[in-house]
Amino acid sequence: MIRNDQELAVTRERAARIERLLEGLRKTARPEEWPALSSGYRLEIERMQGEILDYLVQAAPDPRQTTAA
């Protein structure tokens, strides 16, 4: 679960890194092995995209509220 903008940036970069890895593997993998090879990467990208969207559509914090430390 993404809790702040820094975690959002890290998750976006991680998803992009996996996409680049998948892009490279796509050029070298044999067609018959591709479905099995790519499925785990796809699921991880989809999971991260879901977390990103969940974070982006949640209510933004109210800047007027402050918490005492």
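Residues numbered from 1 in each chain as written. Predicted model: local features only at pLDDT ≥ 70, side-chain atom pairs only at ≥ 80, totals over all residues. Heavy atoms only, no water.

Peer 1: In this structure, what is going on with the environment of Ile45? I would like to understand it.
Peer 2: Mapping Ile45 onto the fold places it in helix α2 (residues 34-57). C-alpha of Ile45 to C-alpha of Arg17: the two residues are 28 residues apart in sequence and 9.8 Å apart in space. Ignoring any residue separated from it by four or fewer positions in sequence, one finds Ile45 in contact with Ala15, Ile18, Glu19 and Leu22. (Helix = DSSP H or I, 4+ residues; strand = E, 2+ residues; numbered from the N terminus. Contact = heavy atoms within 4.5 Å.)

Peer 1: How do you make sense of the environment of Arg30 when you look at a structure like this?
Peer 2: Secondary-structure assignment places Arg30 in the loop between α1 (5-28) and α2. We classify Arg30 as partly exposed; its relative accessible area is 49%. Side chain to side chain, Arg30 and Glu32 meet in a polar contact 2.8 Å long. (Buried < 20%, exposed > 50% of the residue type's maximum accessible area, 1.4 Å probe, protein only. Polar contact = N/O pair within 3.5 Å; in protein donor to acceptor, adjacent residues only side chain to side chain.)

Peer 1: In this structure, what is going on with the nonpolar core? I would like to understand it.
Peer 2: Taken as a class, soluble globular proteins show a tendency for nonpolar side chains to be buried jointly. In terms of nonpolar packing, the biggest core is built from five residues, these being Ala15, Ile18, Leu22, Ile45 and Met48. When residues of this core are traced back to their parent elements, those giving at least two are α1 and α2. Among the elements that line this core, the one with the most residues is α1, at three residues. (Core = buried A, V, L, I, M, F, W, Y, C linked by side-chain atoms within 4.5 Å.)

Peer 1: Looking at this structure, how should I read the side chain of Thr11?
Peer 2: Among the secondary structure elements, Thr11 is positioned in helix α1. We classify Thr11 as buried; its relative accessible area is 12%. Those residues in contact with Thr11, other than ones at most four positions away along the chain, are Ile2, Met48 and Ile52.

Peer 1: In this structure, what is going on with the side chain of Ser38? I would like to understand it.
Peer 2: Mapped onto the elements of the fold, Ser38 is located in helix α2. A polar atom in the side chain of Ser38 sits 2.8 Å from the backbone oxygen of Trp34.

Peer 1: Would you mind showing me how to read the pattern of salt bridges here?
Peer 2: Two side chains that carry opposite charge are able to pair once their charged atoms sit near each other. A complete count under the given rule lists nine salt bridges for this structure. Arg17 is the partner of Glu13 in a salt bridge, and the nearest nitrogen-oxygen pair spans 3.9 Å. Taken together, the residues Glu13 and Arg17, both in helix α1 and four residues apart, mark about one turn of the helix. By relative accessible area, Glu13 is classed as partly exposed at 36%. On the basis of relative accessibility, which here comes to 49%, the residue Arg17 falls in the partly exposed class. Across the pair Arg30 and Glu32 runs a salt bridge, and its minimum N-O distance is 2.8 Å. When salt bridges that share partners are traced, they join Arg14, Glu44, Arg47 and Glu51 into one network. (Salt bridge = Lys/Arg side-chain N within 4 Å of Asp/Glu carboxyl O.)

Don't take any of this as a statement about function, it's just geometry.
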